[in-house]
Amino acid sequence: MSDHMKIMNEKTGRIVMLAVDHGYFQGPTSGLEEPGKTVEPLLAWCDAVSPTKGVFLRCMPPESKTPVILRASGGNAIVYSDPVELERELSIRSAGLADETAREALRGQIADEIVNRELSNESITVSAAEAARLGVAGVSVSVYVGACYQKESILNLARMSDEGRREGLIVLGITAVGKEMTRDARYLGLATRIAAEHGADVVKTYYCEGFERVVRGCFAPIVIAGGKKVPEREALAFCSRAIDEGAVGVDMGRNIFQSAHPVAMIQAVRAVVHEDLSPDAAYEMFEDLSVAPLTD
Ligand code: 5RP
């Protein structure tokens, strides 16, 4: 059994993890242009942090003792260009299409489809042995259930579970949700369970209506991602619901570091996760701290 409890907060058994791994396929994500500057003031409030290898090696404060869950799958990007493939597909699907505007629209649609499909085409980017050598607590691997490279991504997780276990690493399975999927309890229940069945020690997913069903169906502990930036009150509300409905914490990125007041926001999230603070009280805390942030 892997000891995932070693990254959980000792008092509550829950976790506030800061996600800063977005650049692995998105490049210089807003708020993470200079990851070191983003991370440094937030670390005091994190139980763990989840960076990419590059961020871990070059941007983390060297004196940091915060446990690290290292992003270990990737190889994709938000752009993909294979003109041969695009033209081949276009010639098949545009047969009989005389109108040039319609043909150009179809070209754009096919290009988008190829990008979306290729987003699920990940491999392992950091071996378990290297992760162990780097001294991290664990690694994360995405699974793309229902996507074109579903099988490969699930096998990435299964392999990392085998190899990570041998190195004493915690393995975080991430349910990556492609554009073609709906983030509902049915889909996330399927994806989280599949991640747990393939050896994830902790599963990262999204909050959704009916989340308690997702938790009930997944025997591994669940943390939630935040998803796209929403107003702080809304983010604190879904964090609170997720905790009430059985999540053990968050692995949250954009809703913290894209806030106008990231240090205030992470403290409010922390109060929700570790103190069961209500969303209203947490938002009030966020507002107070935003006006007069604590210095230490
Ligand atoms: C992709 C990821 C992200 O890179 C990231 O960790 C998500 O965090 P957030 O949605 O809270 O910004 O997991 O699958």
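Everything that follows concerns the structure shown earlier in this document.
The structure displayed is predicted, hence computed values, not measured ones.

Asks: Whenever I open this one, the pattern of salt bridges confuses me. Can you help?
Replies: Side chains that carry opposite charge are capable of pairing whenever their charged atoms lie near each other. Applying the stated rule across the entire model yields 18 salt bridges. Arg117 serves as the salt-bridge partner of Glu85, at 2.5 Å between the closest nitrogen and oxygen. On the criterion of sequence distance, the pair formed by Glu85 in helix H4 (residues 83-93) and Arg117 in helix H5 (residues 100-119) is long-range, its members being 32 residues apart. Across the pair Glu197 and Arg193 runs a salt bridge whose closest N-O atoms are separated by 2.6 Å.

Asks: I tried to follow the packing of helix H10 (residues 232-244) against helix H13 (residues 279-291) on my own but got confused; where do I start?
Replies: For any two helices packed against each other, the geometry comes down to the angle between their axes and how far apart the axes lie. The interhelical angle for the contact between H10 and H13, taken along N-to-C directions, is 140°, at an axis separation of 9 Å. In terms of their interaxial angle, H10 and H13 are classed as oblique. Handedness of the H10/H13 crossing: right-handed. Taken together, the residues of H13 that come into contact with H10 (itself represented by Glu232, Arg233, Leu236, Ala237 and Ser240) are Pro279, Asp280, Ala282, Tyr283 and Phe286. Of the residues assigned to the contact of H10 with H13, the class counts are six nonpolar, one polar and three charged.

Asks: Even after reading the chapter, I still don't get unusual backbone geometry, so can you show me in this structure?
Replies: Most of the time, phi is negative for any residue but glycine, and the peptide bond is trans. Even without a glycine there, the phi angle at Asp276 is positive, about 55°. Mapped onto the elements of the fold, Asp276 is located in the loop between helix H12 (262-275) and H13. Judged by relative accessible area, which is 47%, Asp276 ranks as partly exposed.

Asks: Help me out: how do you make sense of the site of the ligand in this one?
Replies: Near the ligand, the surroundings consist of 13 residues, among which Asp21, His22, Lys204, Gly227 and Arg254 are the closest. Gly253 has a polar backbone atom sitting 2.8 Å from an oxygen atom of the ligand. Between the ligand and Arg254, the relevant distance is 2.8 Å, taken from an oxygen atom to a side-chain nitrogen or oxygen of the residue. Alone, the ligand offers 380 Å² of accessible surface; in the complex the protein occludes 95% of this.

Asks: Explain the environment of Leu57 here, please?
Replies: Turning to its location among the elements, Leu57 is positioned in helix H3 (residues 53-58). Counting along the chain gives 16 residues from Leu57 to Pro41, while the straight-line C-alpha distance between them is 18 Å.

Asks: Help me understand the sheet that holds strand S2 (residues 48-51) in this model?
Replies: The parallel open sheet is built from eight strands, whose spatial order is S2-S1-S10-S9-S8-S7-S6-S3. The two strands at the open ends of the sheet, each matched to only one other strand, are S2 and strand S3 (69-71). Put simply, the sheet's adjacent strands are angled 30° from each other on average, direction ignored. Where strand S7 (residues 170-175) meets strand S8 (residues 202-205), three bridges bridge the pair, whose relative direction is parallel. When the sheet's bridge partners are listed, Gly173 is paired in S8 with Val203.

Asks: Would you mind going over the packing of aromatic side chains with me for this structure?
Replies: Inspection of the entire model under this criterion finds three aromatic pairs. The residue whose ring lies beneath Arg183 is Tyr206, and the NZ or CZ to ring-centre distance is 3.8 Å.

Asks: Would you mind showing me how to read the environment of Ile256 here?
Replies: Here Ile256 shows up in helix H11 (residues 254-257). The buried category is assigned to Ile256, whose relative accessible area is 0%. For the pair Ile256 and Ile266, spaced ten residues apart in sequence, the C-alpha separation works out to 6.0 Å. Discounting chain neighbours no more than four positions away, the residues touching Ile256 are Leu18, Leu42, Pro262, Met265, Ile266 and Val269.

Asks: What is the right way to read the packing of H12 against H13 from this model?
Replies: Between H12 and H13, whose axes approach to 8 Å, the crossing angle comes to 155°. Our classification of the angle between H12 and H13 gives roughly antiparallel. Handedness of the crossing formed by H12 with H13: right-handed. For the pair H12 and H13, contact is made by Ala264, Met265, Gln267, Ala268, Ala271 and Val272 and by Ala282, Met285, Phe286, Leu289 and Ser290, respectively.

Asks: So what exactly am I meant to see when it comes to H10 here?
Replies: Because the α-helix completes a turn every 3.6 residues, residues three or four places apart line up on one side. In this model, H10 (13 residues) spans 18 Å end to end at C-alpha, consistent with the 18 Å of a helix rising 1.5 Å per residue. When we look at burial in H10, the residues that qualify are Glu232, Ala235, Leu236, Ala237, Phe238, Cys239, Ser240, Ala242 and Ile243. Just downstream of H10, Gly246 is the residue with a positive phi angle, here 115°.

Asks: Honestly, H13 in this entry has me stumped. Any pointers?
Replies: Relative to the 18 Å expected for 13 residues at 1.5 Å per residue, H13 spans 18 Å between its end C-alpha atoms, a close match to the ideal helical length. Regarding H13, the residues found buried are Ala282, Tyr283, Phe286, Leu289 and Ser290. Seen end-on, H13 carries its buried residues on one side only, within an arc spanning 130°. Structural note: H13 exposes Asp280, Glu284, Asp288 and Val291 on the side pointing more than 90 degrees away from its buried face. In the core, the buried residues of H13 are packed alongside H10 and H12.

About the thresholds
- Residues numbered from 1 in each chain as written.
- Predicted model: local features only at pLDDT ≥ 70, side-chain atom pairs only at ≥ 80, totals over all residues.
- Heavy atoms only, no water.
- Salt bridge = Lys/Arg side-chain N within 4 Å of Asp/Glu carboxyl O.
- Helix = DSSP H or I, 4+ residues; strand = E, 2+ residues; numbered from the N terminus.
- Axes fitted to C-alpha atoms, helices over the stretch in contact; angles between N-to-C directions.
- Parallel < 35°, antiparallel > 145°, perpendicular 65-115°, else oblique.
- Left-handed = near helix turned anticlockwise from the far one by under 90°.
- Contact = heavy atoms within 4.5 Å.
- Nonpolar A, V, L, I, M, F, W, Y, C, P; charged D, E, K, R; others polar.
- Buried < 20%, exposed > 50% of the residue type's maximum accessible area, 1.4 Å probe, protein only.
- Near = heavy atom within 4 Å.
- Polar contact = N/O pair within 3.5 Å; in protein donor to acceptor, adjacent residues only side chain to side chain.
- Areas by Shrake-Rupley, 256 points an atom, 1.4 Å probe, with all protein chains shown as cover.
- Pairing = 2+ DSSP bridges.
- Phe/Tyr/Trp six-rings, centres within 6.5 Å; stacked < 30°, edge-to-face > 60°.
- Lys NZ or Arg CZ within 6 Å of the ring centre and 35° of its normal.
- Expected span 1.5 Å × (residues − 1).
- Arc of directions from axis to C-beta.

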